[in-house]
Amino acid sequence: AQSVTQLGSHVSVSEGALVLLRCNYSSSVPPYLFWYVQYPNQGLQLLLKYTSAATLVKGINGFEAEFKKSETSFHLTKPSAHMSDAAEYFCAVSRSGGTSYGKLTFGQGTILTVHP
Amino acid sequence: NAGVTQTPKFQVLKTGQSMTLQCAQDMNHEYMSWYRQDPGMGLRLIHYSVGAGITDQGEVPNGYNVSRSTTEDFPLRLLSAAPSQTSVYFCASSYGRFQGSGNEKLFFGSGTQLSVL
């Protein structure tokens, strides 16, 4: 079984400040990990993913995340927030390996607010 | 390339009514799934399919039926709508197995907002 916990349902930052969204996972097998972003009234878009290659993963719009097995974490960061980053962010986990499809388990979501 | 198309975008039902949410993808994806999104609960998996004729239950399947007669379509049926089924529903698809091939991505539709009165 897999699960994801996102720490903080709301995060507020000033424009230009560091963005840090926290995600911890639980998985009985090596996981694949994902961050998705949802803008208002839209579907989810993939920001980045970890699939057992490099532990530091770079995504779109300047976001990156680091897989830390010892801490079972996959936190999302961006050095400098922009107003357009305001959205809801979801961390998700899936099984790795040949029997796995796109059956993702999602966290509860974190709403990011960016102040001018 | 349309991607994942969901219809309708909005729907209001009365308790006890039935309806079908449509989902179609034009990417020849093996895997298709339905999620519901509720505030503070993230997305929860309702049903999924790994190919035509193959479906299985997710985390919250009660009150919903699915079928997969073609690769492209994966409709979600509400048998007798209840207020607890008020939610935003997302259909999602992916190419195939997640096994480090670079295709590990779930593509989402734009959602159906359903209200059950």
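What you see is a predicted model; the values in this text were computed from it and never measured. (Residues numbered from 1 in each chain as written. Chains lettered and ligands numbered in written order. Predicted model: local features only at pLDDT ≥ 70, side-chain atom pairs only at ≥ 80, totals over all residues. Heavy atoms only, no water.)

Caption draft 1: Examining the overall build of chain A more closely. What chain A contains, in helices and strands, is zero helices and 11 strands. For chain A, the sequential pattern of α-helices and β-strands runs β-β-β-β-β-β-β-β-β-β-β. Relative to the globule expectation of 13 Å for 116 residues, the C-alpha radius of gyration of chain A, 14 Å, shows essentially globular dimensions. The dimensions of chain A, computed from C-alpha atoms along their principal axes, are 45 × 30 × 20 Å. The burial tally for chain A puts 47% of its 116 residues in the buried class. (Helix = DSSP H or I, 4+ residues; strand = E, 2+ residues; numbered from the N terminus. Rg over C-alpha atoms; globule rule 2.2 N^0.38 Å. Buried < 20%, exposed > 50% of the residue type's maximum accessible area, 1.4 Å probe, protein only.)

Caption draft 2: Fine view of the interface of chain A and chain B. Across the boundary between the two partners, chain A contributes 26 residues, which contact 26 residues of chain B. Buried area between chain A and chain B, both sides added, is near 2000 Å², and the carbon and sulfur share of it is 57%. The interface formed by chain A and chain B contains one salt bridge. Across the pair B:Glu104 and A:Lys49 runs a salt bridge, and its minimum N-O distance is 3.4 Å. In this structure, the connection of chain A to chain B is made through seven residue pairs in polar contact (both at pLDDT 80 or more). For the side of chain A that touches chain B, the secondary structure elements donating two or more residues are strand E4 (31-38), strand E5 (44-50) and strand E9 (87-95) of chain A. Considering only residue class, the side of chain A that touches chain B consists of nine nonpolar, 13 polar and four charged. (Contact = heavy atoms within 4.5 Å. Buried area = accessible area lost by both parts, 1.4 Å probe. Salt bridge = Lys/Arg side-chain N within 4 Å of Asp/Glu carboxyl O. Polar contact = N/O pair within 3.5 Å; in protein donor to acceptor, adjacent residues only side chain to side chain. Nonpolar A, V, L, I, M, F, W, Y, C, P; charged D, E, K, R; others polar.)

Caption draft 3: Region of interest: the sheet that holds strand E3 (residues 19-25) of chain B. Residues and elements named next belong to chain B. Strand order in the open sheet formed by four strands is E1-E3-E8-E7, and the pairing between neighbours is antiparallel. Either end of the sheet is taken by a strand with one partner, and the two such strands are strand E1 (4-7) and strand E7 (64-66). Here the strands of the sheet are splayed against their neighbours by 20° on average, with no regard to which way each runs. Here four bridges tie E1 to E3, and the two strands are oriented antiparallel to one another. Across the sheet, residue Gln6 finds its bridge partner in E3, namely Cys23. (Pairing = 2+ DSSP bridges. Axes fitted to C-alpha atoms, helices over the stretch in contact; angles between N-to-C directions.)

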